[in-house]
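Residue-level structure breakdown
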Amino acid sequence: KVLRSSPCDTSAALQAMAENNARAIPAARLILTCPDLSPQSALPPLSLLSRNGRENEAEKYLAGRLTRAGSTVQREKWLNTAENIGFTDLAYTGYAQLFQKFPDRPTYGQTAARLASWTERYRERADILAVLAKRDPGNAPVVIRAARAFEEAGQPERALPLYLRALTMAPETENLRIHTLKLLGDLGRHKKRFELLDAQRKNHPLTRPEIRFLLEDALALNRAAQVVKEAEQMEQDPKRSLRDLMQAVQILSRAGAATRAETALDRARRLSNNSPEELRALGTAALYDNFLAVALACFQDVLSRIPEDGTALKGSAMIHAANNDAMRAISFFRRYLARHPEDAGARYQLGELLFVNGRQDEAQMEFTEAIRTLKPDRSRP
């Protein structure tokens, strides 16, 4: 009764909606007739209508309020109310219009992009983020976000220029570099990717995926022979660094010149001046490419200098296991685990070796310890 005569009576409104169910709907409607109702005060009655099957009524009221909003600030408050109740379509449309009207206010664009994602408007989201990236071209995270949005919207060709721009700002970011290079290949831009990789390898070594990309592009461009010849020249150069040699070996290995690559690694081992760091790196590279004899020789050289080196012990154990020399593999795994008991993977490998060699009780102990090592609370049984 009070609300019929005074719909803006806050105290009466709170009491009338105290039941918070369908019986309070008439009171909610009366409150919404208050001409000076603020967005914050409108939230409870609108939420009540929405929860009780009157979503269309609540949305129509909000749309009217947005149309009559006298200022941008007031419009923004009503849009926040719409989003809080769950009318994300209405909120997206409003924020997109605000951003179109005020493109120099990035918060409008960021909110519109977020709401576009929630309402599955992926292309609209990408377009909004592209505008933000254009207005802030030196901000790598903003540019990357726009590029990813275009990929998610199924427009990789529009994502590529943005990734390439981001790469000029953060060339040292490996994940970004690999993703951009992969996208270039997926889009058939082999010449562009080859040029990028060719320039990069003159300044710093390529990663394994990058070497694979380089060879794929070289084959696509009929330049594989040239790349292999350069790798052979680099491998034979007495002044080349260990880094250059490793890169040449990887290129030769992936180009099918495995024997040449293995010979180069073994020569490098003999020319490494017994440096444990270099021998460790060479052994790891040889093991990765399955050049087991060279890898084992490298690790043996390391162990002659550092008898308990973890990388060399574990690498030797893996090589002996691959060569079906179970006794030596078990011995090296035990030496390694004495220094690195937390390595559950190595312990499990030891357990497998023991099991297939008829030592089931010892294998069970290693499996149990491997599982215990993986538990967050190691004090638990």
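Up top is the structure.
Residues numbered from 1 in each chain as written. Predicted model: local features only at pLDDT ≥ 70, side-chain atom pairs only at ≥ 80, totals over all residues. Heavy atoms only, no water.

Bringing helix α11 (residues 156-169) into the picture now. For α11, with 14 residues, the first-to-last C-alpha span of 20 Å sits near the 20 Å given by 1.5 Å per residue. Contacts from the buried residues of α11 go to α9 (122-135), α10 (140-152) and α12 (174-186). (Helix = DSSP H or I, 4+ residues; strand = E, 2+ residues; numbered from the N terminus. Expected span 1.5 Å × (residues − 1). Contact = heavy atoms within 4.5 Å.)

What follows covers the packing of α12 against helix α14 (residues 208-220). Angle between the axes and distance between the axes are the two parameters that describe a pair of packed helices. Viewed as axis vectors pointing N to C, α12 and α14 meet at an angle of 20 degrees, and their least axial separation amounts to 10 Å. Classified by the interaxial angle, the pair formed by α12 and α14 is roughly parallel. For the pair α12 and α14, the crossing hand works out as left-handed. On α14, the residues that touch Arg177, Ile178, Leu181 and Lys182 of α12 are Pro209, Glu210 and Phe213. For the contact of α12 with α14, the per-class residue count stands at 4 nonpolar, no polar and 3 charged. (Axes fitted to C-alpha atoms, helices over the stretch in contact; angles between N-to-C directions. Parallel < 35°, antiparallel > 145°, perpendicular 65-115°, else oblique. Left-handed = near helix turned anticlockwise from the far one by under 90°. Nonpolar A, V, L, I, M, F, W, Y, C, P; charged D, E, K, R; others polar.)

Before going further, it helps to examine the packing of aromatic side chains. The final tally for this structure, using the stated rule, is 4 aromatic pairs. Measuring from ring centre to ring centre gives 6.2 Å for Tyr61 and Trp78, while their planes differ by 70 degrees; the resulting arrangement is edge-to-face. Placement of Tyr61 in helix α5 (residues 55-68) and of Trp78 in helix α6 (residues 72-85) is noted, with a sequence separation of 17 residues between them. Here the aromatic rings of Phe102 and Tyr108 are separated by 6.3 Å at their centres, their planes lie at 50 degrees, and the arrangement is tilted. Under the relative-accessibility criterion, Tyr108 is labelled buried at 4%. What links up through ring pairs into an aromatic cluster is the set Tyr95, Phe102 and Tyr108. The ring of Phe102 carries Arg105 above its face, with NZ or CZ at 4.2 Å from the centroid. Sitting over the ring of Trp118, Arg114 keeps its end group 4.8 Å from the ring centre. (Phe/Tyr/Trp six-rings, centres within 6.5 Å; stacked < 30°, edge-to-face > 60°. Buried < 20%, exposed > 50% of the residue type's maximum accessible area, 1.4 Å probe, protein only. Lys NZ or Arg CZ within 6 Å of the ring centre and 35° of its normal.)

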